[in-house]
There are 2 protein chains.
Amino acid sequence: MSEIAPVLIAGQWRAANCAETFRAENPITQEPLSGEYPVSAWEDCDAALTAAAEAADQLLEISPKRIQKFLLRLADLMEANRESIGQLASQESGLPEKRLAGREMDRTTDQIRQAADAAADRSWKQISIETKRDMRSMLAAIGPVAIFSPNNFPLSWNTISGGDFASAVAAGNPVIAIANSSAPGTTKILAELAFQASQEADLPAGMVQFLYRLSHADGKRLVADSRIGATAFTGGTAAGLALKAAADAVGKPIYVAMSSVNPIVFLSNAIREQGEELVNRFGNVCLKGTGQFCTQPGLAIVIDGAESQGFIAAIKSKFDESTPGTLGSKKTLENLVAKIEVLKKAGATVISDEGKSKGEGYSHPNTLFQVSGADFLKSPAALQTEAFGNAAMFVVCQDIAEAKAVIDSLHGQLAGCIYSSTDGADAAAYATLAPRLRRKVGRFMDDKMPNGMPVSIGMGHGGPFPASGHPGFTSVGIPNAMRRFAVLQSYDQARHNHLPEELQNKNPSGQLWRNIDGQWTTGDVADA
Amino acid sequence: MSEIAPVLIAGQWRAANCAETFRAENPITQEPLSGEYPVSAWEDCDAALTAAAEAADQLLEISPKRIQKFLLRLADLMEANRESIGQLASQESGLPEKRLAGREMDRTTDQIRQAADAAADRSWKQISIETKRDMRSMLAAIGPVAIFSPNNFPLSWNTISGGDFASAVAAGNPVIAIANSSAPGTTKILAELAFQASQEADLPAGMVQFLYRLSHADGKRLVADSRIGATAFTGGTAAGLALKAAADAVGKPIYVAMSSVNPIVFLSNAIREQGEELVNRFGNVCLKGTGQFCTQPGLAIVIDGAESQGFIAAIKSKFDESTPGTLGSKKTLENLVAKIEVLKKAGATVISDEGKSKGEGYSHPNTLFQVSGADFLKSPAALQTEAFGNAAMFVVCQDIAEAKAVIDSLHGQLAGCIYSSTDGADAAAYATLAPRLRRKVGRFMDDKMPNGMPVSIGMGHGGPFPASGHPGFTSVGIPNAMRRFAVLQSYDQARHNHLPEELQNKNPSGQLWRNIDGQWTTGDVADA
């Protein structure tokens, strides 16, 4: 029996309390990878919670510059280990090592560095000062954050190095990170680097804690524990809803990012105008990374006619001809198969699922569905089921009014897009559909596929339920994603020397943005 | 049989669908007031929801200046009817007409006018623009807001004229307002004025809709309906939790403000220094308005010693000698009696409840409890039960360490305060306790009673659960309270002419605050 990997609790890599273990698998070779990992018992959570609560106390006294130092050092360490991380992440996810060690690593470290600078700058804190009655408020750290993450972006969404981690830490909170079960090895390397960086920045022992897996019951107990500040979850709907219910029942903030089919409307004149380019773009974004993007456009809405029929035929060819990619795990494949069945049963017709070539390992034929707008409107809930992976559906509407009804029948979605022609021929259709689609999605695009997700202050990765659990927040974008992990603290005529530095009359850095009597300024509060 | 009051649905005052009716009562005379009011059946909610959804659509095209006009006109109309509103509100609440027609009216109309101006200004929208990748985001209206309100502030917390109403409307949303069952007449007058004002501002028919009462089942159905954007609830814990569970289950934002005992720490040197003044202030704030404030300080923490014993004795005299006020309703009285029993059973000792005089109508003897810190720590959950009304409790701690443990055992609270001496003698105790208390409360004060609640940008009226449902928000304070009723909408490379005015390159008013590439400015986006 091989050695069971240690967990990171209270500043120690130590043996887990566990009755069960698990292994990861290479989804391409379908063979188990080396490394045996523990399913932690509650005792591990309990110890981590206690250490995290202590860390949260200690952080009250710690300069945000040390948080900045921690995150900048983590980014450097990750880049210094680019190849080994990319290699293991590729083995555990089946995704190309080149993407992981290259573009995804770069995006991830850029995100961490943005968070580092936002932590030190502190302008994200929504600082509000009214001088007349001496009332001052700001966002402040919420306390220990539990993070559950997916494995479709093994680095940039990793429970240790991803956006939830970076924004929770940058907001001043300790983190209890639970690995994705498909990526225990990658996450362990990242946790080692994060621990090293946190030690070098002289942060509390409980700043970063790391467990590999919990039972469902312990997960629910963790997010509802009195020592927890908030939870971030990205993943499947069933697990997300279970955690959300547990946290909601005791009023603990939880930010869930669950399912989304990311509707794209291709208006007829846009197809006429940009046909071939659209075929390439849409085909690529559906199948790239085996379609394992939370913003993969799984639902394409078109108006019936020669343009859309040609477009669908061309996409069908693309699906037929492209070799299917490998899915991230056996579970991902099983889930895709199950969701395809749901869509079939709900009345969608498969127009491509017997491609010319077979994929490697856990793979599934590229699957393209078609359904009429009228049929979609008979079962809109079932027909917008997310089939996570290399599947997509065309909804062919009779006219714009039917397309409007289809859009109105959608749940909340992460992203949505309308392609319209540049010559103005689609303007009336756009004007009808855009306001309807706008309210259904967190991020709205013109003429653009939703897969790129820049870490920008203008980013919105959220949207109405079930795309996210609260439509007022974003899980991507610095500094706005940090607001999730904060509480609003007001000071009502506190003595000036009792105020936190950010709220005192003198601007602590000369660069901190504060709203003073309704005006944003980096200046001081004028002496009365 | 008298005529049943009409409800306001889709711009019509019309007969309710109702099987049941109710009457209000004068809590002083304990006699029924004139007026018979309907308990609406689901059909009324359904019709209101449809009209509200239509109104939300129409509002997308309406200038925020019309919202401003509506709210300013409402404030004017309320002041023009100051006496009649104050009179009826006094009859329905038992509170002094002078307070209602005077200070409370002024606070309420000031709040509405602040909201009006914030609506037109739009700087609350957290506008974020990144020019390099052309990503832009802002907060936008969330859709129809359901409001459930208490009757302790018959105007400033009224479901029609209060802070939730003002901030939901100012954020651009139609409102479905449910009256407090103790205040149907007052709320009807306010609804008439609000409807008149909304018509004069040419707003949609469904902008303001008004029902008197719903069954519990219909309340839960309303907050979870797909047409609802969000819900605001202020009131008791049982009702709040039931609505919250219903809304949470379908991911609809709900902002609940429930129970809070608003701990005040009186450090020994502060008592020594400011003894008599503290007795007057604390005694007054416990008993004023019969203690019916959500920020009434129901829990006073002191350190055992000559100072605190003298202080408690003086407060006991104050409780003994003051004539108890009248509670807002029979239900409020029954609830107070029940909660006093909970506190007794949990081990608190009554040291005053047989005052020299009896109150009028639905009244209860002023009730003062005492419990040791050690006993408090045996049953902290039960002993921080809010006994809403003219009751308060001293927790007498052996030392600062025990006071720290008591504070650590508290749930989330709306407000908290520490009185410390000005000579520095309490500084060490303050330094130990303040960070602990700070994290438990939404609003923190030095040397100040928590009952005043200015409508300020620096205000925080919220705090951790169960004081509020999400610690990142405030229900009082313009513009921050408006953020509750908003969704984050991102535009990713939208064509410039498709952007909302607020996100276009040109600053639409020259006064709109926007964050452009990390800098707050009222300027334009510089042309590339």
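The structure presented is a predicted model; accordingly, all values stated were derived computationally and were not measured.

Enquirer: Would you take a moment to explain the overall build of chain A for this structure?
Expert: Along the backbone of chain A there are 15 helices and 23 strands. The C-alpha radius of gyration of chain A comes to 24 Å, within 12% of the 24 Å expected for a compact globule of 528 residues. Buried positions account for 63% of the 528 residues belonging to chain A. For chain A, long-range pairs separated by at least 24 residues make up 75% of all intrachain contacts whose partners lie at least 6 apart in sequence. Roughly 18,100 Å² of accessible area belongs to chain A as shown, and the carbon and sulfur atoms make up 50% of that amount. One finds the centroid of the 49 positive side-chain charges in chain A at a distance of 3 Å from the centroid of its 57 negative side-chain charges.

Enquirer: Sorry if this is basic, but what is going on with empty space enclosed by the protein here?
Expert: It is the rolling of a water-molecule-sized probe over the atoms that shows where space remains empty. Considering all chains together, one arrives at 9 cavities of 30 Å³ or more under this definition. Considered as a void within the structure, the largest cavity measures approximately 250 Å³ in volume. Surrounding the largest cavity, 18 residues form its lining, Asp248(A), Gly469(A), His470(A), Asp248(B) and His470(B) being those nearest its centre. When its residues are assigned to classes, the lining of the largest cavity shows 6 nonpolar, 6 polar and 6 charged. Size it by volume and the second largest cavity reaches roughly 180 Å³.

Enquirer: Sorry, what's going on with the interface of chain B and chain A here?
Expert: Size of an interface, as often reported, equals the accessible area lost when the parts are brought together. In this assembly, 69 residues from chain B lie in contact with 69 residues from chain A. Buried surface at the junction of chain B and chain A, summed over both partners, amounts to about 5,600 Å²; 50% is from carbon and sulfur atoms. One can count 10 salt bridges joining chain B with chain A. In this structure, Arg439(B) and Asp57(A) form a salt bridge, with 2.7 Å as the shortest nitrogen-oxygen distance. Taken together, the links from chain B to chain A amount to 46 residue pairs in polar contact (both at pLDDT 80 or more). Every element with two or more residues in the side of chain B that touches chain A is listed here: helix H1 (42-59), strand S7 (128-130), strand S8 (135-141), helix H8 (237-249), helix H15 (427-440), strand S21 (441-446), strand S22 (486-492) and strand S24 (519-521) of chain B. Class assignment for the residues of the side of chain B that touches chain A results in 28 nonpolar, 25 polar and 16 charged. In terms of strand pairing, strand S20 (residues 441-446) of chain A meets S22(B) through 3 bridges, oriented parallel. Each residue of the ladder has a partner; that of Phe444(A), found in S22(B), is Tyr491(B).

Enquirer: So what exactly am I meant to see when it comes to the relation of the copies chain B and chain A here?
Expert: Mapping one chain copy onto the other needs a rotation about an axis and a shift along that axis. Placing chain B over chain A gives an RMSD of 0.0 Å and needs a rotation angle of 180°, together with 0.0 Å of translation along the axis. Taken together, the rotation and translation describe the operation of a two-fold axis.

Enquirer: Please clarify how unusual backbone geometry should be interpreted in this entry.
Expert: Pro479(A) follows Ile478(A) through a cis peptide bond whose omega is 10°. Along the polypeptide, Pro479(A) turns up in the loop between S20 and strand S21 (486-492). With a phi close to 70°, Arg122(B) is a non-glycine residue in the positive phi region. Residue Arg122(B) is classed as buried on the basis of its relative accessible area of 10%. A positive phi angle is found at Thr290(B), which is not glycine, with a value near 55°. Counting through the fold element by element, Thr290(B) comes out in the loop between helix H9 (268-287) and strand S16 (299-303).

Enquirer: Help me understand the domain arrangement of chain A, please; the structure alone is not making it clear to me.
Expert: All names here are of chain A. Here chain A is described as being made up of domain 1 (7-20 + 32-256 + 474-481) and domain 2 (264-446). Each of domain 1 and domain 2 has a C-alpha centre, and the two are 33 Å apart. Counting residues at the interface gives 8 residues for domain 1 and 9 residues for domain 2. Interface area for domain 1 against domain 2, summed over the two sides, is near 590 Å², with a carbon-plus-sulfur share of 55%. One can count 0 salt bridges joining domain 1 with domain 2. Between the two partners, domain 1 and domain 2, sit 1 residue pair in polar contact (both at pLDDT 80 or more). Only helix H3 (82-93) and helix H4 (97-121) provide two or more residues apiece to the side of domain 1 that touches domain 2.

Enquirer: So what exactly am I meant to see when it comes to the UniProt feature "domain: Aldehyde dehydrogenase" (unreviewed entry) in chain A here?
Expert: Sites flagged by UniProt as "domain: Aldehyde dehydrogenase" (unreviewed entry) map to residues 13-422 of chain A. Annotated as residues 13-422 of chain A, this span is 46% helix and 19% strand, and its ends, taken at the C-alpha atoms, are 58 Å apart.

So, how was this worked out
- Residues numbered from 1 in each chain as written.
- Chains lettered and ligands numbered in written order.
- Predicted model: local features only at pLDDT ≥ 70, side-chain atom pairs only at ≥ 80, totals over all residues.
- Heavy atoms only, no water.
- Helix = DSSP H or I, 4+ residues; strand = E, 2+ residues; numbered from the N terminus.
- Rg over C-alpha atoms; globule rule 2.2 N^0.38 Å.
- Buried < 20%, exposed > 50% of the residue type's maximum accessible area, 1.4 Å probe, protein only.
- Contact = heavy atoms within 4.5 Å.
- Areas by Shrake-Rupley, 256 points an atom, 1.4 Å probe, with all protein chains shown as cover.
- Lys, Arg positive; Asp, Glu negative; His and termini not counted.
- Charge placed at Lys NZ, Arg CZ, Asp CG, Glu CD.
- 1 Å grid on protein atoms, 1.4 Å probe; cavity = no way out; pocket = protein on both sides within 12 Å on 5 of 7 lines; lining within 4 Å.
- Points joined across faces, edges and corners; volume = space filled by probe spheres on them.
- Nonpolar A, V, L, I, M, F, W, Y, C, P; charged D, E, K, R; others polar.
- Buried area = accessible area lost by both parts, 1.4 Å probe.
- Salt bridge = Lys/Arg side-chain N within 4 Å of Asp/Glu carboxyl O.
- Polar contact = N/O pair within 3.5 Å; in protein donor to acceptor, adjacent residues only side chain to side chain.
- Pairing = 2+ DSSP bridges.
- Least-squares fit on C-alpha atoms with pLDDT ≥ 70 in both.
- Domains from an automatic or database assignment.
- UniProt positions renumbered as here; feature names shortened; annotations may be inferred.

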